[in-house]
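Fold and geometry: a report
The residues making up each chain are set out below.
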Amino acid sequence: MSSTMSQAESPAGVDPGALLVRLLDLWTCKDLQGLRAEACRGFSGLAEPLVGLLEVLGGCPGAQRGRASTLGQVVLGEFQRWRGAQQPPVGLEGVSGALVPALQSTALGLICDGQPGYMEPLLDIYQLHTLHRSLLLQHVTHLWDSTAFREAAMLATKLDLQADLDMEKMCVPLVLHDKFPLVEAYVKSHPHLQEALVSMLDAWCTPHFSLDTLRSQYPAVCLSKHQADLMQPKLIIKHVFRLMDKFNIDPAKCSNSVHKRKLDSLRFLMAMHFREGRMSEENWSDHVQAMVEGSVELQVYLVECVCRYGSVRQAAEWARCYDLPRNRLPVGVWDTLQSLPPAQTGVAPVSGASPDCWSLSPDDGQRYYQLPVARGNVHFLSTLEQLEPCRHTLLQPGTVVGVDMEWRASFGTGGRQRVALIQLAVSGSVFLLDLCAAGFSQDPQTIRFVRDLLANKSILKLGYGMSGDLRSLVATWAELSEQPIKVEGMLDLLHVHQKMQMSRRGCEGGRRGVEVAVCEGGPEKGLSLLVQQVLGKPLHKQEQLSNWERRPLRQRQICYAAADAYCLLEVFWVLQEDPAHYGLPADLCSIGPAPTHNSAPTQEQRNQDKTARDKGRRGGRKMKDPGAPRVCAVSPRSGGGDSVGEGEGPGQGEGPGQGEGPFVAPQELRVVCDNMLQGLGRYLRCLGVDVLILENDDDHRVAAKLARTEDRVILTSGQPYQTLKSQVGEGRCLALDCGERAREQAVQVLRHFRVRPTPQHVFSRCQACNNDEYLRLPQSSMAQLMKERGLLPDEAIGSDAQWEGPDEAPPPYSSGRRPPAPGFAPHCRWAPEGVLERPTLALPGGATLQLHTVPPALLPRIADFLVCTRCGKVFWEGSHFDRVLSQFQDVLHITEHTPTPTTPSH
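Residues numbered from 1 in each chain as written. Predicted model: local features only at pLDDT ≥ 70, side-chain atom pairs only at ≥ 80, totals over all residues. Heavy atoms only, no water.

Grouped together as the largest cluster of nonpolar side chains are 91 residues, with contacts concentrated most on Tyr126 and Leu201. Each residue touching Tyr126, except ones within four places of it in the same chain, is listed here: Leu50, Leu53, Leu54, Leu92, Leu103, Gln104 and Ala107. Counting residues in each nonpolar core, the second largest holds 41 residues, with Met500, Leu530, Val531 and Ile558 among its members. (Core = buried A, V, L, I, M, F, W, Y, C linked by side-chain atoms within 4.5 Å. Buried < 20%, exposed > 50% of the residue type's maximum accessible area, 1.4 Å probe, protein only. Contact = heavy atoms within 4.5 Å.)

A complete count under the given rule lists 13 aromatic pairs for this structure. A centroid spacing of 5.1 Å and a plane angle of 85° characterise the contact between Phe43 and Phe79, whose relative ring orientation is edge-to-face. Taken together, the positions of Phe43 in helix α3 (residues 32-45) and Phe79 in helix α5 (residues 71-85) put the pair 36 residues apart, joining distant regions of the chain. With respect to class, Phe43 is no different from Phe79; both count as buried. Ring-pair connections join several aromatic residues into one group, and the members of that group are Phe274, Trp284, Trp318 and Tyr322. Directly above the ring of Trp144 sits Lys169, whose terminal nitrogen or CZ lies 4.6 Å from the centroid. Above the ring of Trp830, the side-chain terminus of Arg776 is found at 4.1 Å from the ring centroid. (Phe/Tyr/Trp six-rings, centres within 6.5 Å; stacked < 30°, edge-to-face > 60°. Helix = DSSP H or I, 4+ residues; strand = E, 2+ residues; numbered from the N terminus. Lys NZ or Arg CZ within 6 Å of the ring centre and 35° of its normal.)

Spatial ordering of the open sheet is given by β1-β4-β3-β2-β5-β6, a layout of 6 strands whose pairing is mixed. Both outer strands of the open sheet, β1 (378-381) and β6 (490-492), are each paired with one neighbouring strand and no more. Here the average twist between neighbouring strands, direction ignored, is 25°. Relative to strand β5 (residues 460-463), strand β2 (residues 400-407) is paired through 3 bridges, and the arrangement is parallel. (Pairing = 2+ DSSP bridges. Axes fitted to C-alpha atoms, helices over the stretch in contact; angles between N-to-C directions.)

Over its 12 residues, helix α24 (residues 444-455) runs 16 Å from end to end, which matches the ideal 16 Å to within 8%, given 1.5 Å per residue. Buried within α24 are the following residues: Thr446, Ile447, Phe449, Val450, Leu453 and Leu454. The arc that holds every buried residue of α24, seen down its axis, measures 155°, which confines them to one face. Its side-chain oxygen placed 2.9 Å from the backbone nitrogen of Gln445, Asp443 serves as the N-cap of α24. (Expected span 1.5 Å × (residues − 1). Arc of directions from axis to C-beta. Polar contact = N/O pair within 3.5 Å; in protein donor to acceptor, adjacent residues only side chain to side chain.)

Helix α16 (residues 255-275) packs onto helix α15 (residues 233-247) with a crossing angle of 115° between their chain directions and a minimal axis gap of 10 Å. α16 is crossed by α15, and the crossing has left-handed handedness. Contacts between α15 and α16 pair Lys234, Ile237, Lys238, Val240 and Phe241 from the former with Ser257, Val258, Lys260, Arg261 and Asp264 from the latter. Tallied by class, the residues present in the contact of α15 with α16 amount to 4 nonpolar, 1 polar and 5 charged. (Left-handed = near helix turned anticlockwise from the far one by under 90°. Nonpolar A, V, L, I, M, F, W, Y, C, P; charged D, E, K, R; others polar.)

Before going further, it helps to examine the side chain of Asp469. Topologically, Asp469 is positioned in helix α25 (residues 466-476). Of the side chains bearing the opposite charge, Arg471 lies closest to the buried Asp469, which forms no salt bridge; the N-O distance is 8.3 Å. Contacts of Asp469, omitting those with residues within four sequence positions, involve Asp404, Met405, Trp407 and Val419. (Lys, Arg positive; Asp, Glu negative; His and termini not counted. Salt bridge = Lys/Arg side-chain N within 4 Å of Asp/Glu carboxyl O.)

Scope: geometric values only; no functional claims are made or implied.
Written out as structure tokens, the structure reads:
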């Protein structure tokens, strides 16, 4: 600043230094209105406003604690407003030519001296883009060398300097700091940089990539543990595929990411077909062929997986299909291949294929929804002549049409999903539009028909999750992107389903709606769950993941596609007959999307949240933000999945619970904790929740199996959430932040499920095995058992030396709690004393009483011991009980009826 002012002393007028002093005084007094008025007067009085502005900014303090903005940012904002009101506008045109470079250099120096908030306005006011490119590059380099990586990239982007900078050097620190929006802005409008960025990220997806090696190349980049955790291959691959799609980059240039994603997809397909049986042989064969096409490594991996999950013969058939060399095959496959009958190479084996029938088998017909339309009334359209009767039938005012679309599942291996089939159902008929027939699909008449149908407000269209279908339709027809459709007359039954579920939970008006008691507790989700709840049977989904681009389609595929659209009509008819029974308004078309925790809160909601926080502070309790965890879970009393919308957040209820509805006891919540949340599981079990905890070497899929077979909610964290969520019923998985402590996680779970533990629930379950049944052994019985087995000397109990008089009761455990505090009285099941076989110490669960864990010196102080009837572990009241009471005092429900004696009660 001094160099600038030495070249041009301040002309007569308002002194910039005096103006700065006045502004500082007003800033200190927090008189923002007066500051703005004074700044406006000061700018008008400056003889050289652009010179004076820099002097004022140079004296402004930086960021201050408790202030959202700095004085310099406020001054710049006021200068911009003042400048825009001047006629002619104040600019460099009115400044002496010799002074302009000095002013620009000073402005650039302010940006580079740690004032990123100055960047945008100073670039505009002083036209810094006109400076010599080499000078601008020097300042960008200075920012980067000062570890201001973000500011360096921002300045380079705004001045369009990317072509003269090293993309990798500029972007790697930003990627490591998880600043992807800034990285994407940096490479925007530069296709070669976009391709280089994606190639760089793809190179990090090899097995040999080392984060430590990368960090050694950028020693100035400091990473937190959270940032380092984000550099997992799976997360990097997600960014690669997202950017590949955004920048329209050829997947062939991202071979590492594509190969890794295909490996994961092959594992998923193996599990779906061999372990869970949810994919037919034909569908599985179609998908694995597409997955391994052109890659010998993937073909070898396919053979290895089939050998592991299927049979050696099947593996040999696939090895023959791809003519794999002997040295790449698992043991035994080559010998089996030699014994196979001759067959054509390149033909995929399909063993055990079921007959291609139109109708379901008798057993499946009893369990699943059946299409009530004859085969002759399901029309497959692939020509314009066939389309004409469909157009005449559907484009009539007042028609109700069920709409659905199918496309080939890509299993995350890239490429935009393009619609292969559009299903349109009306009463008594279903029309299937074949969008794989090139001439028919791309004909303007076909596109115009679909556009007219969706835009006609006099025709009621029924769908389920139509936003995804419409996105795929736009990816199929570029014309819809250039001239978007204004969809009219659409009722999304997903929103109706959400409304039903919220009514069941009683989330509106504080009252509970009518329960839908149809097939509760099943693993269904989405549309299948809605059909089950309304029509009594779920959809048969085995063809859902089939190859919808194959032609001709199988009869089962056609039947499934028709049923998917026709069931929408039947659900709508039933709901329309008695909407109140399902907790719905009389006008179903008035139902819109349900609000989620990601939507912006209204002013009324913000006021309610503020009131709740104020109440928490007045009560001496800090209230946790109820929207903190990312959740998709339900009340334990609901039985089935209640959350229909993906990622639906908890209700904004006041107090410890989320949303409205009654509180529940801890034993009513049944959960399974992933092995990343073992600490959380121990805390919840300590409070009486029914918790199963995975071991360190357990696969995440074990949690999904336990959740399905035992009707439990999964508690997980991080990446497994998406996988586990897809394997269980809707709303049966909850994700928590693994960065939080187990105690805070436990409080979030309790509040989300509206669980109200009491002191009686503390240690009401065995901490070792989750059993909720105890055997009570009084002190005398425990002492006798220990003496019989030589674990207690004769003089160790009953001696007058233990207390003052022989008639005085032994001193009980002293917890230090004041008399009104709750005592140790666990709310559990009690086993009769006769269940213990005294000669062998055997318990009903098969375990043996663990007498050796009881310290002999403890006996005089403890009146009763509790023994787990499943594992034999012994418990007694001690300081651990007091610590738990102290840790969870803000969620424990203590009333005047809470037992206070220190002796456990039945």
